[in-house]
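Chains, contacts and geometry: an overview
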Amino acid sequence: MRLVSGIQPSGNITLGNYLGAIKQYIKLQEELKEAEIFIFIADLHALTVPQERQALQKSIKSLAALYLASGLERDRVNLFIQSEIPAHSQLGYIMESTVYVPELQRMTQYKDKIAKQKEGIKASLLTYPALMAADILLYNADLVPIGDDQKQHLELTRTLAERFNNTYGNTFVVPKGYFPKTGARIMSLTEPTKKMSKSEENPKGTIYLLDPINQSKNKIRSAVTDSDTKIYYDKKNKPGISNLLDIYSALKGSSIKELEKQYQNSSYRELKEDLANLLEVVITPIQEKYFQIINSKELTETLNIGKERASLIASRTIAKVYRKLGILR
Ligand code: ATP
Ligand code: LTN
């Protein structure tokens, strides 16, 4: 059993990234004792939108440290940086030669991002799912833990794996997605109908894992709610409160039903105060560990070991793929 996932170092890591992705990696690391786990920093993906050189370099290292600070164990996980394994770009190109243009144009994330950007749209923003498919198929992953927003890209990965297998004979494992029960789609605290995202311009709606905790607690306290006073889950009519319940449930591990019962006679203020305190309990130890790790030798060593293992598997896959395609002397 192999598990693969990654996050783009395209900005500061958010509570959405933690609950939708990182927390699931830790859970699976504990549950699937036999699984081989590959977690990477998707730095090439970050180039799909403009990046500032120094900021990108800082984000790459910061994300690596945050993975370990959140509980990924050095000897259980192969942690590596995508760009250090050239096979990602190599298989990415093969996947671009497998996918059809309309399949890429149909991707919701692409449509959303071009609507916001208008000018200077890079070709890699369109071809991004081909590289993501390569990231997964290179390692013959069985399971890919991701948030809801990546569901469509995973479906496309499955389609491409099947298409390649049908044309060239069995080559790739067709992977399955793994989505959290709650917290798969954390919304902005100021606009609870929009996804909480690292590249969002308005930072008021986003909780960043490494921000001073009091700042984050205040963001919870001033989160947008509705004029009703009752606490219950209704995504359509009460998106703000439903988002807070989602966050609470994902942080605590209790079900939405249990929370609705617990807070049936409480005010919004009480819910927010409890959630702010819960956030502090979860995030503070991660931050403490992060600052111990960020400049350590341990971090560099972990990335070196991860690179070696990933490199071995990835180069075997790419050799096999070239052979199947007839790209040989
Ligand atoms: P960007 O804003 O740069 O597109 P992002 O914050 O959406 O980035 P990604 O790097 O695209 O983050 O995603 C990393 C992982 O975090 C993915 O598995 C994704 O599904 C998950 N994720 C991102 N945002 C959320 C969210 N709001 N709720 C739950 N999971 C999320
Ligand atoms: N596209 C993902 C990040 C990502 C990824 C992957 C996730 C790139 N390659 C492979 C899982 C498996 C995103 O979250 N934006």
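Structure first, text after, so check above.
Per chain, the residues get numbers from 1 upward, laid out in the order the sequence is written. A letter from A marks each chain and a number from 1 marks each ligand, given out in the order of writing. The predicted nature of this model means local features are confined to residues of pLDDT at least 70 and side-chain atom pairs, given and counted, to a pLDDT of 80 or more, with totals for whole chains, interfaces and linings taken over all residues. Neither water nor hydrogens contribute to the side-chain values; these are computed over all heavy atoms in the structure.

End to end, helix α3 (residues 53-69) covers 24 Å across 17 residues, agreeing with the expected 24 Å (1.5 Å per residue, within 8%). For the exposure calls, accessible area comes from a 1.4 Å probe over protein chains only, and a residue counts as buried if that area is under 20% of its type's maximum, exposed if over 50%, partly exposed in between. For helices the rule is a DSSP run of H or I covering at least 4 residues; for strands it is a run of E covering at least 2, with both sets numbered from the N terminus onward. All of the buried residues along α3 are Leu56, Ser59, Ile60, Ser62, Leu63, Ala64, Ala65, Leu66, Tyr67, Leu68 and Ala69. Downstream of α3 by one or two residues, Gly71 has phi in the positive range, about 125°. By this rule, a helix spans an expected 1.5 Å times one less than how many residues it contains.

One heavy atom within 4 Å of a molecule or strand is enough for the residue carrying it to be called near that molecule or strand. Taken together, 21 residues surround ligand 1, and among them Asp149, Lys195, Ser197, Lys198 and Ser199 come closest. Here an oxygen atom of ligand 1 and a side-chain polar atom of Lys113 are 2.7 Å apart. By the criterion applied in these results, polar contacts are pairs of N or O atoms within 3.5 Å in which, for protein atoms, one can donate a hydrogen and the other can accept it, and in which residues neighboring in sequence qualify only through two side-chain atoms. One of the backbone nitrogen or oxygen atoms of Ile186 is found 2.8 Å away from a nitrogen atom of ligand 1. The method behind every accessible area is Shrake-Rupley, applied with a 1.4 Å probe, and residues are considered shielded solely by the protein chains displayed. Here ligand 1 loses 98% of its free accessible area of 600 Å² to cover by the protein chains. Considering each element in turn, the shell around ligand 1 owes the most residues, 4 residues, to helix α1 (residues 15-31). For the shell around ligand 1, the class distribution of residues is 6 nonpolar, 10 polar and 5 charged. Three classes are used, and their members are as follows: Ala, Val, Leu, Ile, Met, Phe, Trp, Tyr, Cys and Pro are nonpolar, Asp, Glu, Lys and Arg are charged, and the others, Gly among them, are polar.

For the rest of this paragraph, the subject is the pattern of salt bridges. When a carboxyl oxygen of Asp or Glu lies within 4 Å of a side-chain nitrogen of Lys or Arg, that pair is called a salt bridge. Summed over all chains, the structure comprises 14 salt bridges. With a shortest N-O distance of 3.7 Å, Glu31 and Lys27 are connected by a salt bridge. One end of the pair, Glu31, and the other, Lys27, are both in helix α1, 4 residues apart, so they sit about a helical turn from each other. One network of salt bridges, with partners in common, ties together Arg2, Glu36 and Arg309.

Looking now at the site of ligand 2. In the neighbourhood of ligand 2, 13 residues make up the surrounding shell, with Gln8, Tyr128, Met132, Asp135 and Gln150 lying closest. Between a nitrogen atom of ligand 2 and a side-chain N or O atom of Gln8, the distance comes to 3.1 Å. Residue Asp135 places a side-chain N or O atom 2.6 Å away from a nitrogen atom belonging to ligand 2. Protein chains shield 92% of the accessible area of ligand 2, which is 360 Å² for the free molecule. Going through the elements one at a time, β1 (2-7) and α7 (123-137) are the ones with two or more residues in the shell around ligand 2.

Just distances and angles here, no functional claims.
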